[in-house]
Amino acid sequence: MDKKILALSEEGDVDSLAKLLKTLGPNQLEEFIDVRVIRGKGNPVVFLRAVFHGAPCESAEGAAVRVSVYKHVLELLEGGDISSKMSSELLGFLLMEVEFLPPSALVELAQGFVDAVKNGNITNTKSLDLFSKLLSSLASRETVSYGNGNQMTGAECKSHILNSLCSSRWDSSCVIHLAAVFRDVPTTNDELKFVMEKILRSFHHVDLQELPPLVYQLLLLSTKGFKRLVLEGITSYFAEQDKTVKQQESEQSEDMLSTITADQLCHMEGTIILHITFAIKQDQDLGREFVKFLKAGQQGSLTKILSPFNVALALSVARIQRFEEPIFEFLKSAISRSFKDEQIRQGSKWVTEMVPETSNVTESLLETVKNSSYGWDHVTQGLVQLGFTLMDSFGPKLGPAGRVVESSGGTPKSPTQLACRLGASILLNTFKVHEMVRSDILEQILNRVVTKATSPVTHYIELLSNTVSTVPQTLLECLPKVRDSFDYLSYLPAASAEGLLKAVQPLLKLSMPLKDTLMLVLRKAMFSRQADARKVAVTGYLMILRHFKVLGGLPSSQSCSQSFSFSQIQVDIHTPPSSAGNEALCLEILGNLRRCLTQQADVRLLLYEGMYDVLSRNPHLGPPILEMGLSQFRRYYEAEDDVTPPVRLDPCITAQGDQVFLVEPLGHLLCSMVQCLLKCQQLASESEESEDDEALTAVQSELDTVLESLTRRMIKCEMEDFELDKSADFSMNSGVGVKNNIFGILVLGLYEVLMEYSCMSGDFSKESCEQLLQLFLNYNKLSETLKEKTAKGKSGGSKVARSLLSIKCTARILQGLFSDDVPRHQEGLSVLRGNLDFVRFTVGVAQQKIQQVCDKGQTDGSEGSNKDKLYKYCCSMARVLLRKFTSDLQAHGEDDKRSKGKAVSAMCLEGFCTVVNIICCRYPDQVAAFLTQIEPGGDDVDEEEAAATNMDDQERVNFHIKRFQRMVVNIVTSSDDDVSPRDAVQLVNVISQLSGHLPPDSNHLVQLHAWVNRLCAEQNVDDSAMTKALLSLLFTLTAHTSTNLTALRDLAQDVHSQMGDIDQDVEVEDRTQFALVNPRTATPVLALVLSQVERVLEEVEWVIGRMKAELSAGSATAEDAAPSQGPTQREGHEKSVCVRLGTLVTVYHELVQSAIPMGTTVEALLKSLIKLYNNLTLLAKYYLAMYTQRVGHLSPRFEKLVKLSGTHLSQQAYALITYIQAAQNEKLAQRDQQKGKGGKKKDKTSSDAVGQARKAQVLRETKSIPVLVFAIEQYERYLIQLTKKSKVNLMENMKMSTSRDFRINTAAVQMALQEEEGSSSEEDEEGSDHGSDGEQENQGPPAKKAKKAAGKLSKGKGGKAKKGLAESNA
């Protein structure tokens, strides 16, 4: 039979063939096909062509035959027993015949596919190619019968089938192929979106290894449209997966079902990132859409848009040149904005409540670095570039005077510092993880250090140092780069060179060749013509001496004279560092350093200042160091005991023409010797082994003899011995004057060094204290003479030299003066305590040292750069200074004693406050430990001390805050005229510093806020500095503990009450809620209120921006979002913003009516008012956007806010403008009158210049007025638009603008009309009175009769009315 069918088909006898097919039984045709397909007996395609030849589509029977053949062949394909070649041939034939099928057949076959997908019966996904062809063909038919005989177009029918397909659950095995099907099916936008959403939802059900090909198909499908939807779907899915995996790891739930491991997820994400990047290379529109998607996401939650997957994808796409710049700009701004947002959040409780989620991008970016270790080579280069981009953009910058704008030390706080640190963390972690970029990172760091000579490079050096200290062995692979950088060492600025040397120092011990290279470079630099290069050489040599320790003493012959040549240590190059090698190296260096003793003063100074640190780290170098210093000092020292003065100063200077230069900083040389000697004595006393080093003993004894002789003779010396008496010339204009100034400073330095020697070696014995005092008296006499003489010279005296006393000695003397109770010390210390000048000098030096630590993180002299030692000395001095201040505060002795000690007490408190600042900024983790050390002891309050011993950190901070609170109250409430409010200002600053270390939600902070509020309300403080300190603290605490603005409103009312009203006819009730607001402090209070209001407005602006971004994001996903949660939360936010702005309107209602003196305060008020109207405009735009997107309606609170702004602000703002302009006109008129009276005598040009200057001043003070009028009118413009959209009349309470280029004074017009009426009637006198009134109104500030009639808010009882209005708004 089947042969007959083939024969008839070959003959072309269609009719016979059709009749033959009708006679076949139901399964016969299928058997014939099976024989050919399964058993391989004949060509199935030829047979099928013959059958289709005899079954024309025009007849119903033919169509039915064709449909049955299609279905059977598809069943065979699904069976999977056919070779791929045969299945391809069969599918190819069926695909070609689809176009001839009638619509009903197409529908039936397509519905069969849909049922198969629903039931999960599709195993051979190749058959789905036929499905796409069926749908395409169906879409092109004009009419189709579908369902229960419903007639529709083919496109509609196709839409129904797609809808049915996408509404069913897809088997995970066929999702990829179904996604491929839709690429060839013509779809409308709605259908395409529906399909894409279905595929994105199916991500959760697909096996992990199937995701990359599915994403690839989805990206191909996105060429038809909805690229943003695809990108959002993919990125949100992987952000969710990352979060899930992280939670699983933290919970350690390994037994959870369908758990994805982090390794699997990262490997798969890497593949998908490659797919997306490849797709963007092929389709630039997809890349542009990705950049738009990133920028749009930046407006909302940055944590979502900067998820690890998104960052990795962005960095991978950034390798495509045209997207590099926009993506890095986006990342830079997003990271910076994230830190700024977090800063705003942490600064205000209200903002934290409005936006509870934190935006921690640091964790997300470092997670990207960690994930990149799973073969994400395409991301690695981007990470390196991002790290350097952040460091370049946000690193420290040069200030206005060319000085580095340095951070306050400690942990970085500002957004730019945090962004810079994040860049360094990215680079450090990438360096650890990826071997391929290590060389590149190191090269870029070194290039920046070497080439950025004019800009700060501390952050790059810090990164290099961290890299070396964490992975030194890894860095050994990149040694050539480090070695190359040494060639530029002598050309670098001193700070950069020193930083670079310190950073690479650990490598010197690991690599002998590197150390030798450095030695050669330093030796070459030592012989350089440039003084800076020689300074670098000294710094490098001293660093090596500090870190290459010598074990055991040096032979005396070597230590005294022998100098090793560099060639003698070449033998040690390839061996580990040994004591013998270090010994030779150190002696070689000391020999080289001797050259410095004949060079410029700056080079010598570096050497002298570094010797003490070398000796501390490398004690066995004591003999050669002391010998070197002593031999240098002998050049200037008179050995004979009877010779005065004991030193020759003339060799210490040199003259070049008329100019005199210092060549030997003698004080620093002696200081270095004294410090080294004291250190050697200390080490000898601490050492358990009794080493008998003859060389050291000999040098020490000789040096002791020299210092004792020098001390005795310097005490006997008079100023005349140095030719520095009062008759000497100290002017800086002549060579003699300059020489005398230099000599004076050198002698002062010698006195200070000898004072330290007497103090540190004498242990406060009576003899040593008397010596110390005698030295000081000589020092003081010379110092006063220098001050007196240099103050007289108009050319400006020389700067006061920094003290040569070390911080260790200063702390020791302070402790002796104020808190030493050791009995054997008392006799000597009483000598020192009796001299008030010496006490004041010591406290002054302590202040100088503490201030240096505060400014630079280090101080002059020995141990000045050791952070741990500095912390110890700061704690010691703080304890003593505070004890001195508290004892003076509690003392009730004789009046003369109190008045003498007053200055010292204030200096002590100032020093203590600076130490608190240092600890809070540079040692934030040790605040509690510091407070423990300064706790009262001995005779102070025993109960409190006992209670303070068992406290946690938070309670300890609170304990000390309360202690300072009591001191503030004592000072403020004291009736004693000697008690200075300046002391209270310092204590309030200390409380402010410490309060920053209490948690924002702490009950202690709430109590402190209540105390400050009560103090401001009850105490009439007649000191502007104290007022500023208290109010600043009040505002800070209010922001952290409260969300209302009642304090601001009350302060505004008080300012209005004290300053009076701009309408002189209105009397303001003289009543204040805050006693510290009085006529003297009203202006500074107003400035503080304005600055705080601006801060609140910035927060409100930020929150409105977030709300608008969420509104846009919400409208984009409105169909998927839950309808209940969003609007309710949004309405709560809108209410809160409206209430806050309403309170601010009442604040401004008071301020704009206050008679503020002309000047900067008026300008500040106008600018602040502009910002308020900009915020109101922003809120109006937000509601407009809501109506445009049809996602909400006007809030009743907003309507009340608009009404309030119309009735209580706009008109008053216009009145303020008129008042300002009238006041300016009056001032100009007065000046013109004065100029007219005395103008004849003055030069015309000078008077013109003065006139121009006055005009410029007026213009400057009034330039904000047009901007304010524009801001008000912009606000009203958007209210008009909103009125049209919402059908609510928002302009009901808004009145016409009056402050324009011309204005009609309605009051004056009415008066003129009345005058006319009066003149035409018989009452002539009354009319003339009215006229004169009208003239007055035209000339002076505008009358405000309307305001008086409308209700005087805040005048008398009106203040309560306004308060009630604000509360009803709340």
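Below is a short write-up of the structure. Please read all numbers here as calculations on a predicted model, not as lab measurements.

**Things to note about the environment of Asp 613**
Structurally, Asp 613 is set in helix 32 (residues 601-617). Residue classification places Asp 613 among the partly exposed positions, given a relative accessible area of 26%. Here the alpha-carbon distance between Asp 613 and Cys 676, two residues 63 residues apart in the chain, equals 8.9 Å. In this structure, Asp 613 is in contact with Arg 546, Glu 863 and Ser 865, ignoring residues within four places of it in sequence.

**Brief notes about the pattern of salt bridges**
Going through the model one piece at a time under the given rule, you end up with 38 salt bridges. Taking the shortest distance from any N to any O, the salt bridge between Lys 502 and Glu 498 comes out at 3.4 Å. Separated by 4 residues within a single helix, Lys 502 and Glu 498 lie in helix 27 (residues 494-510), roughly one turn from each other. When its relative accessible area of 32% is taken as the criterion, Glu 498 is described as partly exposed. A salt bridge links Glu 588 to Arg 523, with the nearest nitrogen and oxygen atoms 2.7 Å apart. In this pair, Glu 588 sits in helix 31 (residues 579-593) while Arg 523 sits in helix 28 (residues 512-526), placing the two residues 65 residues apart along the sequence. Under the relative-accessibility criterion, Arg 523 is labelled partly exposed at 30%. Salt bridges sharing partners connect three or more residues here, namely Arg 228, Glu 232 and Glu 289.

**So, the packing of helix 26 (residues 479-486) against helix 27**
Packed helices, taken two at a time, are described by their axes: the angle between them and the distance between them. Put simply, helix 26 and helix 27 touch, their axes get as near as 12 Å, and they point 145° apart. Crossing hand, helix 26 versus helix 27: left-handed. The segment helix 26 lies against helix 27, with Leu 479, Val 482, Ser 485 and Phe 486 engaging Leu 500, Val 504 and Leu 507. Each residue belonging to the contact of helix 26 with helix 27 can be placed in one class, and the counts come to 6 nonpolar, 1 polar and no charged.

**What to know about helix 29 (residues 531-547)**
End to end, helix 29 covers 25 Å across 17 residues, agreeing with the expected 24 Å (1.5 Å per residue, within 8%). Counted residue by residue, helix 29 has 15 buried out of 17 residues, so it is predominantly covered.

**Concerning the packing of aromatic side chains**
The geometry of an aromatic ring pair is captured by two quantities: the separation of the ring centres and the angle between the planes. On inspection of all chains with the given rule, the structure shows 17 aromatic pairs. For the pair Tyr 237 and Phe 238, a centre-to-centre distance of 5.1 Å together with 75° between the ring planes defines the contact as edge-to-face. Assigned by exposure class, Tyr 237 and Phe 238 land together as buried. Taken together, the ring pairs in this structure connect Phe 203, Tyr 237, Phe 238 and Phe 309 into an aromatic cluster.

How each quantity is defined
Residue numbering note: each chain is counted from 1, following its sequence as written. Confidence filtering applies because this is a predicted model: local features only for residues at pLDDT of at least 70, side-chain atom pairs given and counted only at 80 or more, and all residues used for totals across whole chains, interfaces and linings. Computation of side-chain values covers all heavy atoms of the structure but excludes hydrogens and water. Going along the chain from the N terminus, every DSSP run of H or I of four or more residues is numbered as a helix, and every run of E of two or more is numbered as a strand. Classification of residues uses two cut-offs on accessible area relative to the type maximum, computed with a 1.4 Å probe and protein chains only: under 20% is buried, over 50% is exposed, and between them is partly exposed. Contact definition: two residues touch when any of their heavy atoms are within 4.5 Å. Whenever a carboxyl oxygen of Asp or Glu lies within 4 Å of a side-chain nitrogen of Lys or Arg, that contact is scored as a salt bridge. All axes are obtained by fitting lines to C-alpha atoms, using only the stretch in contact for helices, and the reported angles, taken between N-to-C directions, cover 0 to 180 degrees. Left-handed describes a crossing whose near helix is turned anticlockwise from the far helix by less than a right angle; the clockwise case is right-handed. Side-chain classes follow a simple rule in which Ala, Val, Leu, Ile, Met, Phe, Trp, Tyr, Cys and Pro form the nonpolar group, Asp, Glu, Lys and Arg form the charged group, and the remainder, Gly included, forms the polar group. Expected helix span is given by 1.5 Å per residue-to-residue step, counting one fewer step than there are residues. A pair of Phe, Tyr and Trp rings is counted when the ring centres sit within 6.5 Å of each other, with Trp represented by its six-membered ring. The angle between the planes then sorts it: under 30 degrees is stacked, over 60 is edge-to-face, the rest tilted.

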